[in-house]
Amino acid sequence: MGRQTLLLVLLAAAPVGAVPVALSDPAANFSAAAAPCSIYPTATQTLPTCAVRGFLERTSSAGPEAGFTAAFDNWNLLLPEDQRWTLVNGGAISGLTLAVDQFRTEILGVGNNVGRGTIRIRPLIDGTPLAAQFYWTQGLYDDYLLTEPFYSTLRYEMDVANTDPCTHPPGMNPPHMCAPLYPFQYADRRFFDQPVFPMGATFNGWAYITEADFTYRRLTVYDGVRYGWTSTPEPAGWLLTGAGALLVAILNRRRRVRQPVS
C-alpha cells in the first residue's frame, strides 16, 4: 500500500470477520465454450474454440481488499487534492447474509466473439433489506474499453459514472449515483451487473456494501464480494483495432434498467 493511499483503518471500532457468500441460483454456470469462434472485430477469422470462465469467492471480505483499494486510489488521485476522499474500513456487518441468486456465463455475437457475465446479489441483515444509508461501490480490474479499439492493458479502476463535478449524490436524481458509488442502485439494495466484453478480455469485480459521506468525503467499506470472468484466447495484435456495430451496441447496453433508489 503506497504512501498516497488514503486508508483509515478502524480495526478497534469494526468487528473482524466475514460471512459466507451463498450461491442460490439453480441455473448458475461458470463456463461457456463455443466452436468455432472469432476474436472481435474480425468475425471472418475463425478460431477452433473460445471459452469464458467465471469465478465467485464464497466468503465475503470484511473491509477493502488490496484490489479494491488500488482501484479506489487510481480514481481518487485523479481528483484535485482538496476534493479527495478517505477510505474507511468498516469491517463486517453483524447479521448480514449475502445470496448470489443469479450467476451466468455466456458467449454471444455473430461468430461467437463476445462474452457476457451476469451477477445479482441479495443482501439481508437479520432477514431484512439493508437500511437506506447503505449503497454499493465497485472496483474493477479489467482490460477492455467501451469504445474502439476495445482492448486495453489490465488496469484497476472504479466502476463509476462519468459525472464531473458530482451534482447528484444519493437522494438526488435517482437512480444515477455520483462517484465513488456504483452508478446504478436498486431500491431494495440488491446488486446487479452484467458486463459484456470482447473475446479475450478479462473482467474482475469487487462489489462492496458502503456508506458515503459526501460532506466530508469519507467512503466506509463493509462486506464485499469478489467475482469475475476471463475469456480466451488472447487477441492477436492485428485484431486490436477496428470498428463494428455489434460490440458497440452490446457494450452500450451493458447495464439493464435499474429500479430507482428510494
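Residues numbered from 1 in each chain as written. Predicted model: local features only at pLDDT ≥ 70, side-chain atom pairs only at ≥ 80, totals over all residues. Heavy atoms only, no water.

(A) Local environment of the environment of Thr 105. Summarising the element assignment, Thr 105 is placed in strand E7 (residues 96–108). Judged by relative accessible area, which is 3%, Thr 105 ranks as buried. Residues Thr 105 and Val 52, spaced 53 residues apart in sequence, show a C-alpha to C-alpha distance of 6.9 Å. With residues up to four places along the chain from it excluded, the contact list for Thr 105 reads Asn 29, Phe 30, Ser 31, Ala 32, Val 52, Gly 54, Arg 116 and Trp 229. In terms of polar contacts, Thr 105 uses its side chain to reach the side chain of Trp 229, at 3.0 Å. (Helix = DSSP H or I, 4+ residues; strand = E, 2+ residues; numbered from the N terminus. Buried < 20%, exposed > 50% of the residue type's maximum accessible area, 1.4 Å probe, protein only. Contact = heavy atoms within 4.5 Å. Polar contact = N/O pair within 3.5 Å; in protein donor to acceptor, adjacent residues only side chain to side chain.)

(B) View of the nonpolar core. If you look at the biggest cluster of nonpolar residues, it comprises 34 residues, and the most contacted ones within it are Leu 98, Ile 119 and Tyr 227. Those elements that place two or more of their residues in this core are strand E3 (31–34), strand E4 (50–56), E7, strand E8 (114–125), strand E10 (135–144), strand E14 (202–213) and strand E15 (218–232). Take this core: its biggest share by element is five residues, from E7. Membership of the second largest hydrophobic core comes to 17 residues, among which are Phe 72, Trp 75, Leu 87 and Leu 219. (Core = buried A, V, L, I, M, F, W, Y, C linked by side-chain atoms within 4.5 Å.)

(C) Focus on the pattern of salt bridges. Applying the stated criterion to the full structure yields nine salt bridges. With its nearest N and O atoms 3.3 Å apart, the salt bridge here joins Arg 226 to Glu 57. With Arg 226 in strand E15 and Glu 57 in the loop between E4 and strand E5 (61–62), the pair connects residues that are 169 residues apart, well separated along the chain. Ionic pairing is found between Asp 188 and Arg 122, a salt bridge with its closest N-O pair at 3.5 Å. Within this pair, whereas Asp 188 is found in the loop between strand E11 (151–158) and strand E12 (191–193), its partner Arg 122 is found in strand E8, the two being separated by 66 residues in sequence. (Salt bridge = Lys/Arg side-chain N within 4 Å of Asp/Glu carboxyl O.)

(D) Representation of the environment of Ala 35 within the structure. Relative to the helices and strands, Ala 35 resides in the loop between E3 and E4. Counting along the chain gives 15 residues from Ala 35 to Cys 50, while the straight-line C-alpha distance between them is 6.5 Å.

(E) Structural detail: the packing of aromatic side chains. Per the counting criterion, the structure on display carries 15 aromatic pairs. Judged by centre distance (5.7 Å) and plane angle (55°), the ring pair of Phe 72 and Trp 75 falls under tilted. Residue Phe 72 and its partner Trp 75 are located together in helix H1 (residues 66–76), separated by three residues, close to a single helical turn. There is no split in this pair, since Phe 72 and Trp 75 are both buried. Both rings, one in Trp 85 and one in Phe 214, keep their centres 5.1 Å apart while their planes meet at 90°; by these two values the pair is edge-to-face. (Phe/Tyr/Trp six-rings, centres within 6.5 Å; stacked < 30°, edge-to-face > 60°.)

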